[in-house]
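Overview (structure and organization)
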Amino acid sequence: MSTTRKHTALPKARTLIEALPWLTRHYGRTVVIKFGGNAMVDEDLKAAFAQDVVFLRHAGLKPVVVHGGGPQISAQLDKQGLVSEFKAGLRVTTPEAMDVVRMVLAGQVQRELVGLLNQHGPLAVGLTGEDAHTITATKHQPRIEGELVDIGRVGEITEIDVGAIEALLDDGRIPVISSIARSADDHHVYNVNADTAAAALAAALGAETLMVLTDVEGLYEDWPNSDEVISKLTAAQLERLLPDLSSGMVPKMEGCLYAVRNGVTTARVLDGRVPHSILLEIFTDEGIGTMVVPDDEGKEAGNPA
């Protein structure tokens, strides 16, 4: 009986020991996680995500969660008879649509996520970019075929104030942030791309890592001809690839590039369809997904300090 117990327990011990150098490296560091894709709509993946984030917090890291909510916003707009239109990969956001965006992000998606995290203790606190001037934006007008196009209440970040987030982190809480911002120009509320918001917050917080959950395995070497994932690349290598990426990957990879060029040690794109992908990426030797590192750290950043 005792021999059997010994053998079944041993792999667990090995797993914990494998995590030790990574625990040492990340202890006390801030990790910004962009929650999105399939992980946001699948009940089991949502629960696993919440467990991972709480695990990070109890392992001595400081997780910050940033989320959007594209599928949920589209569903609610449909329900209200409002058309979802996209230009230059961004949702055209009328004042009526903005009311829906704000309600869905702050009143539905964020609340659910805070609830899942708080099943494990009094940890999560929800904010939007409007709170305490966390994110300030100005009206974003993309250029399509040389012309500036008005796409409504879509914002471009002009300023980040992380005071409220840092106060929560110092108090041992897990901030959960909806990517909505207020404008200093016209006092309207703007919808901000959540990948962009996560990258800007990671840089402003001096985060160790930015992690972006997606519905693909990572950045593919030569898609669609190959499904080989690039496991690691430098900022300069990523910059060269950007013009050829699919439109959905562009804000994610631009966010990773911005983060590592502005003081974040590593930025990673992970497959959010894999349960516990966050723990696998942070605490195992193999890691999963694609990691972006600053140009001058291309050689050493994959090794635990």
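Nothing here was measured: the structure is a model prediction, and the numbers come from that model.

Quick look at the overall build of the protein now. Along the protein, the regular secondary structure elements total nine helices and 16 strands. In summary, the protein has a C-alpha radius of gyration of 20 Å against a globular reference of 19 Å for 305 residues, a match within 12%. Projecting the C-alpha coordinates of the protein onto the three principal axes gives extents of approximately 70 × 45 × 35 Å. Split into buried and exposed, the 305 residues of the protein put 48% on the buried side. For the protein, contacts bridging at least 24 residues in sequence account for 73% of all contacts bridging at least 6. Across the protein, the 27 positively charged side chains and the 42 negatively charged ones have centroids separated by 6 Å.

Right, let's get into the environment of Asp44. As for its position among the elements, Asp44 is in helix 2 (residues 43-58). Residues Asp44 and Val92 lie 48 residues apart in sequence; the distance between their C-alpha atoms is 32 Å.

Most of strand 10 (residues 174-178) sits inside the fold, with five of its five residues counted as buried. Here strand 10 shows no split at all, with Ile174, Val176 and Ser178 on one side and Pro175 and Ile177 on the other all buried. Where strand 2 (residues 62-67) and strand 10 come together, three bridges link them in parallel fashion. Along strand 10, the bridge assignment pairs Val65 with Val176. As judged from the five bridges shared by strand 5 (residues 124-128) and strand 10, these two strands associate in the parallel manner. The residue bridging Ala124 from the neighbouring strand is Ile174, located in strand 10.

All chains considered together, the criterion is met by two aromatic pairs. Taken together, a centroid distance of 4.1 Å and an interplanar angle of 25 degrees make the contact between Phe35 and Phe49 stacked. A residue pair is termed long-range when its members are at least 10 positions apart, and Phe35 in strand 1 (residues 30-35) and Phe49 in helix 2 qualify at 14 residues. Pairing Phe55 with Phe283 gives two aromatic rings, centres 5.8 Å apart and planes at 65 degrees, and the pair type is edge-to-face. Remark: Phe283 occurs in helix 9 (residues 277-283) and Phe55 occurs in helix 2; sequence separation between them is 228 residues. On the accessibility criterion, Phe55 (40% relative accessible area) is partly exposed.

Another point: the pairing of strand 2. Counting buried positions along strand 2 gives five out of six residues, so the element sits mostly inside the fold. Between the parallel pair strand 1 and strand 2, the chain is carried across by helix 2, and the sense of this crossover is right-handed.

Below, the discussion takes up the pattern of salt bridges. This structure, assessed with the given rule, holds 14 salt bridges. Of the charged contacts in the structure, one is a salt bridge between Lys34 and Asp195, with a shortest N-O distance of 3.0 Å. Taken together, the positions of Lys34 in strand 1 and Asp195 in helix 6 (residues 194-205) put the pair 161 residues apart, joining distant regions of the chain. With relative accessibility at 5%, the residue Asp195 sits in the buried group. Through salt bridges with shared partners, a single network forms among Arg25, Arg29 and Glu208.

Because an α-helix packs 3.6 residues into every turn, residues spaced three or four apart end up facing the same way. An ideal rise of 1.5 Å per residue puts 16 Å on 12 residues; helix 8 (residues 250-261) measures up with 16 Å between its terminal C-alpha atoms. Of the residues making up helix 8, those classed as buried are Val250, Lys252, Met253, Gly255, Cys256, Leu257, Ala259 and Val260. Considering only its buried residues, helix 8 is in contact with strand 1, helix 6, strand 13 (209-214), helix 7 (235-241), strand 15 (266-271) and strand 16 (290-293). Positive backbone phi, at 95 degrees, marks Gly263, one or two positions downstream of helix 8.

Attention now moves to helix 5 (residues 163-170). Buried within helix 5 we find Ile165, Leu168 and Leu169. Around the axis of helix 5, the buried residues are gathered within 100 degrees of arc, so they sit on the same side. Following helix 5 by one or two positions, Gly172 adopts a phi angle in the positive range, close to 80 degrees.

Across the sheet, four strands lie side by side as 9-6-11-12; this open sheet has mixed pairing. The sheet is open, and its two borders are formed by strand 9 (155-160) and strand 12 (189-191), each paired with just one other strand. For this sheet the average axis-to-axis angle between neighbouring strands, irrespective of direction, equals 50 degrees. In terms of strand pairing, strand 11 (residues 180-183) meets strand 12 through three bridges, oriented antiparallel. Residue pairing for strand 12: Arg182 is matched across the bridge by Val189. Of the strands in this sheet, strand 11 and strand 12 are in contact with helix 4 (residues 95-117), which crosses strand 12 at around 75 degrees. Running at roughly 10 degrees to strand 9, helix 6 makes contact with strand 6 (135-139) and strand 9 of the sheet.

Reading the values: the criteria
Residues numbered from 1 in each chain as written. Predicted model: local features only at pLDDT ≥ 70, side-chain atom pairs only at ≥ 80, totals over all residues. Heavy atoms only, no water. Helix = DSSP H or I, 4+ residues; strand = E, 2+ residues; numbered from the N terminus. Rg over C-alpha atoms; globule rule 2.2 N^0.38 Å. Buried < 20%, exposed > 50% of the residue type's maximum accessible area, 1.4 Å probe, protein only. Contact = heavy atoms within 4.5 Å. Lys, Arg positive; Asp, Glu negative; His and termini not counted. Charge placed at Lys NZ, Arg CZ, Asp CG, Glu CD. Pairing = 2+ DSSP bridges. Phe/Tyr/Trp six-rings, centres within 6.5 Å; stacked < 30°, edge-to-face > 60°. Right-handed = clockwise from strand over helix to strand, strands pointing away. Salt bridge = Lys/Arg side-chain N within 4 Å of Asp/Glu carboxyl O. Expected span 1.5 Å × (residues − 1). Arc of directions from axis to C-beta. Axes fitted to C-alpha atoms, helices over the stretch in contact; angles between N-to-C directions.

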